[in-house]
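Chain by chain, the residues:
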Amino acid sequence: MNRVHYLMNAKDYAINADDIFVLPEAVVKIKQLIDDETASMYEIAEIINYDPAIMSQVLKISNSALYKFTSTISTVSKAIQVIGTRSVYDLVLAYGIANAFKSIESDVIDLDRFWERGVSCGLLAKYFAEELGIKDPERLFVCGLLHNLGELVMVKLNPEIARTCSAIDADTRPLDLELANLGFSYAEIAAELMKLWGLPVEIYQPIKRTHPSIAAALSREDQILQLSYILSVNNVFKDIYSPYDGVNTSLYEPLGLDLEQVDNALDFTNLQLISAMALFSPSSFSMY
């Protein structure tokens, strides 16, 4: 059976996953409205309000330390007004995808650590995007949060390979095991699945280019995600890797960053990590 799986490519895994994991209907409807440029902010708010879990999540995130607004945001319409339609969609999308994978069993990999990696990568990417004045920094947060989604696909479709790929050590990084056992990365599966779901190219394209050893960065967004990925792996697996393991000047200097700014990003991430995990890890989602 494993031999069959070894013959599968990233797209094959994504196609199989597409039959199992389904986005919440509200996420699909919101995307349709955003794609329809005549749709109003109130129509989008109405769709979100019809789904109590998503509505609650939007308000929780809007009032969290991720934004630091001085006054409380008490309605979805206000959240859209203050944060912006695209940013609200990105946050709803992050919740919707995480929610689609909430039934994954935790006996194959450490799920808390999986989401810690995603949240760390997302927070780092958002911080760098804001520092560099990149539009829609939430989009890069979503890219970081979901870049490794292929690991959850593998947990469901081939748990033995997922278990093998999680056996990292000081000499073997996650990507090394993915390439050795699959021939491609978890990020490539994630990108293919998001493409099948019809998500914006601005989300799945940087994810497809997460690893500089596989794909050269074609944009600042790609460069940010590549840097954030390596930093987040080191940050979460502090017991295995040093903070700057695998981080060379070619990852941050082209962005106009120095090591002090990278340090500041790590400090910000570690300060925000617990509260952000409470917002985006499926184990913390309210049940409706």
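Above this text sits the structure in question.
Keep in mind the model is a prediction, meaning the values are calculated, not measured.

Asker: Help me understand the pattern of salt bridges, please; the structure alone is not making it clear to me.
Answerer: Side-chain pairs of opposite charge can arise where the charged atoms are in close proximity. Applying the stated criterion to the full structure yields seven salt bridges. Where Lys-29 meets Glu-25, a salt bridge forms, and the shortest distance between an N and an O atom there is 3.3 Å. Of this pair, Lys-29 and Glu-25 are both found in helix H3 (residues 25-35), four residues apart, which corresponds to roughly one turn of the helix. With a shortest N-O distance of 2.7 Å, Lys-126 and Glu-130 are connected by a salt bridge. Within this pair, Lys-126 and its partner Glu-130 are both found in helix H8 (residues 111-131), separated by four residues, close to a single helical turn. Given the relative accessible area of 40%, Glu-130 is considered partly exposed. Through salt bridges with shared partners, a single ionic network connects Asp-90, Arg-139 and Glu-202.

Asker: Would you mind going over the environment of Gln-223 with me for this structure?
Answerer: By secondary structure assignment, the location of Gln-223 is in helix H15 (residues 220-236). Accessibility expressed as a relative area gives 22% for Gln-223, which makes it partly exposed. Along the backbone, Gln-223 and Leu-251 are 28 residues apart, and their C-alpha atoms lie at a distance of 6.9 Å. Sequence-distant contacts of Gln-223, defined by excluding residues within four places in its chain, comprise Ala-217, Pro-254 and Leu-255.

Asker: Where do I start with the packing of aromatic side chains in this structure?
Answerer: Any two aromatic rings considered together are summarised by their centre-to-centre distance and by the angle between their planes. Under the definition given, this model contains nine aromatic pairs. Their ring planes at 25 degrees and their centres at 4.0 Å tell us that Phe-21 and Phe-101 sit as a pair that is stacked. Placement of Phe-21 in the loop between helix H2 (10-18) and H3 and of Phe-101 in the loop between helix H7 (85-100) and H8 is noted, with a sequence separation of 80 residues between them. Exposure class is identical for Phe-21 and Phe-101. Each is buried. Judged by centre distance (6.4 Å) and plane angle (65 degrees), the rings of Phe-101 and Trp-197 are edge-to-face. Taken as a pair, Phe-101 in the loop between H7 and H8 and Trp-197 in the loop between helix H13 (186-196) and helix H14 (201-208) lie far apart in primary sequence, 96 residues in all. Across this residue pair, the class does not change: Phe-101 and Trp-197 are buried. One aromatic cluster in this structure is built from Phe-21, Phe-101 and Trp-197. In this arrangement the basic side chain of Arg-173 is found over the ring face of Tyr-241, its NZ or CZ atom lying 4.5 Å from the centre.

What counts as what
Residues numbered from 1 in each chain as written. Predicted model: local features only at pLDDT ≥ 70, side-chain atom pairs only at ≥ 80, totals over all residues. Heavy atoms only, no water. Salt bridge = Lys/Arg side-chain N within 4 Å of Asp/Glu carboxyl O. Helix = DSSP H or I, 4+ residues; strand = E, 2+ residues; numbered from the N terminus. Buried < 20%, exposed > 50% of the residue type's maximum accessible area, 1.4 Å probe, protein only. Contact = heavy atoms within 4.5 Å. Phe/Tyr/Trp six-rings, centres within 6.5 Å; stacked < 30°, edge-to-face > 60°. Lys NZ or Arg CZ within 6 Å of the ring centre and 35° of its normal.

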